[in-house]
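Tertiary structure, described
Residues per chain, in single letters:
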Amino acid sequence: MIRVVNVSKAFPDRIVLQNINAEFEKGKTNLIIGRSGSGKTVLMKSIVGLHEVDKGDIYYDDTHFNSLSFNEKKNLRKEVGMLFQGSALFDSATVEENVVYPLDMFTNQTRTEKIERANFCLRRVDMENSNNLYPSELSGGMKKRVAIARAIALNPRYLFCDEPNSGLDPITSILIDELIKEITEEYGITTIVNTHDMNSVMGIGDKIIFIHEGKKWWEGTKEEVLHSENKEFNDFVFASKLAKQIKLGG
Amino acid sequence: MLFMLKVFKRPEKGWIFYREMVKEIEKLGLNSIGIVAIISAFTGAVITIQTAYNIENPFLPTYLIGVTARDTILLEFSSTIVALILAGKVGSNIASEIGTMRVTEQIDALEIMGVNSANYLVLPKIVAAMLFNPLLCIMSIAVGITGGWAVGVFTGVISTQDYLDGILYIFIPYYITYAIIKTIAFAFIITSVSSFYGYYVSGGSLEVGQSSTKAVVYSSVIVLLFNLILTQLLLS
């Protein structure tokens, strides 16, 4: 479980997050949703430590993340996997080398064991037989799959996905969403997904947090979305005519 | 300063550092052999011809052409001018590579994994250049002097014997040490300055291009400044 308590963050020119409180549960797909520029990526990067928060506390289970030393954070990060918006695969490395990389860095496994683990992770994301391809030879969806394989190579306890569907067609988006959900449940990972894709919200949102103008406005499950009374949340979720009709219909 | 403190930490795994360093030797060093050899050969040739036309005096021995070519190549060309060429080639390569990694979140991915990204990406480049550039410098000296000899003999401005006499005339071996010391210092400057500009880029491809230009300009200026300082320190 990951918990954020009263987290605030400002950049020199603007306030991005204001007193955010949230709990992200283990074995569930926790979604942070909101419009572009609402602060959800900053919140995620603050949780993983890529941004220092100005105020508030972040807990990974019982560990107070803010007060960890550099080396303690480094050790904790070995239990964190992250899927970036643009996949962030290493351009100069093959698919296999990308997945093997964290194993090279943080395990003392033999070469054979590492390749076996990489192949297992690649099979898990349906990317077997692509070991020798370079990222430039992969489609957007394939890159995301490889990035997921790299993120789970070290059996992480926490998985962060920053807009995993951006740039993907609806069918591939659903496949990636399902993959994230399956992996989360299979390995009991605490997964946090940043998204503004309503298909994801209704498909995999075990727990949803809505951020608007740096504040948390709504929290609930995908089943509760249709019954929300929060105006800002409804304006975001039911922005399209079709969605409004669905809401009115029940 | 903080950046260099991050860079000069102990690598996570020795064998990974070694593997990356070998890759960088190929990328930054071996791939520069061609350009350094071509420029050295032509510059050696031009120095020889220009010197020959400038000392058309019957009272001056022709072996002075060889002396001038040798000293110009040894003292200034193969260390400083080659460093400026490498600042353009290698510096822009490093800044754009690291800059692209920054804007495509590859550096963030390394940090999330708990990897010291500055150390992992930059230290192998610095060490590789500091190890390999002296070899490029020695090669440049050899090719430059050979280029001068070939063109001198081909155009008839100097005989092989006179050129060799000039090359060996009051030869001071310390000049080679001087050239290598300067080359090592310049290798450090080029790789660290370029890495710095790549590492701290933010934005998109436009900013990566700008950082690449800045890397070349600033490393060239710093190379020239340190050329002055090192010359004063090492030759005075």
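Residues numbered from 1 in each chain as written. Chains lettered and ligands numbered in written order. Predicted model: local features only at pLDDT ≥ 70, side-chain atom pairs only at ≥ 80, totals over all residues.

Let's shift gears to unusual backbone geometry. Only a minority of non-glycine residues have a phi that is not negative, and only a minority of peptide bonds are not trans. Residue and element names in this part refer to chain A. The phi dihedral of Asp61 is positive, around 55°, even though this residue is not glycine. Checked against the element boundaries, Asp61 lands in the loop between strand 4 (55-60) and strand 5 (63-64). Residue Asp61 is classed as exposed on the basis of its C-beta count, with 12 C-beta atoms lying within 10 Å. With phi around 65°, Asn129 is a residue other than glycine that occupies positive phi space. Structurally, Asn129 is set in the loop between helix 4 (111-124) and helix 5 (140-152). A residue is classified by how many C-beta atoms lie within 10 Å of it, and Asn129, with 10 of them, is exposed. (Helix = DSSP H or I, 4+ residues; strand = E, 2+ residues; numbered from the N terminus. Buried ≥ 20, exposed ≤ 12 C-beta atoms within 10 Å, placed from the backbone.)

As a further point, take the sheet that holds strand 1 (residues 2-11) of chain A. All names here are of chain A. Spatially, four strands are ordered 2-1-4-5 in an open sheet, and the strand pairing comes out antiparallel. On the outer flanks of this sheet lie strand 2 (14-24) and strand 5, each paired with one strand and no other. Inspection of the sheet shows strand 4 paired to strand 5 by two bridges, in the antiparallel sense. Looking across to strand 5, one finds that Tyr59 is bridged to His64. Of the strands in this sheet, strand 1, strand 2 and strand 4 are in contact with helix 1 (residues 40-48), which crosses strand 1 at around 115°. (Pairing = 2+ DSSP bridges. Contact = placed C-beta atoms within 7 Å. Axes fitted to C-alpha atoms, helices over the stretch in contact; angles between N-to-C directions.)

Bringing the confidence of the model for chain B into the picture now. Residues with a pLDDT of 70 or more make up 100% of chain B, whose mean pLDDT is 94. Ranking the elements of chain B by mean pLDDT puts helix 1 (residues 2-7) of chain B last with 89 and helix 8 (residues 174-199) of chain B first with 97. (pLDDT = per-residue confidence, 0-100.)

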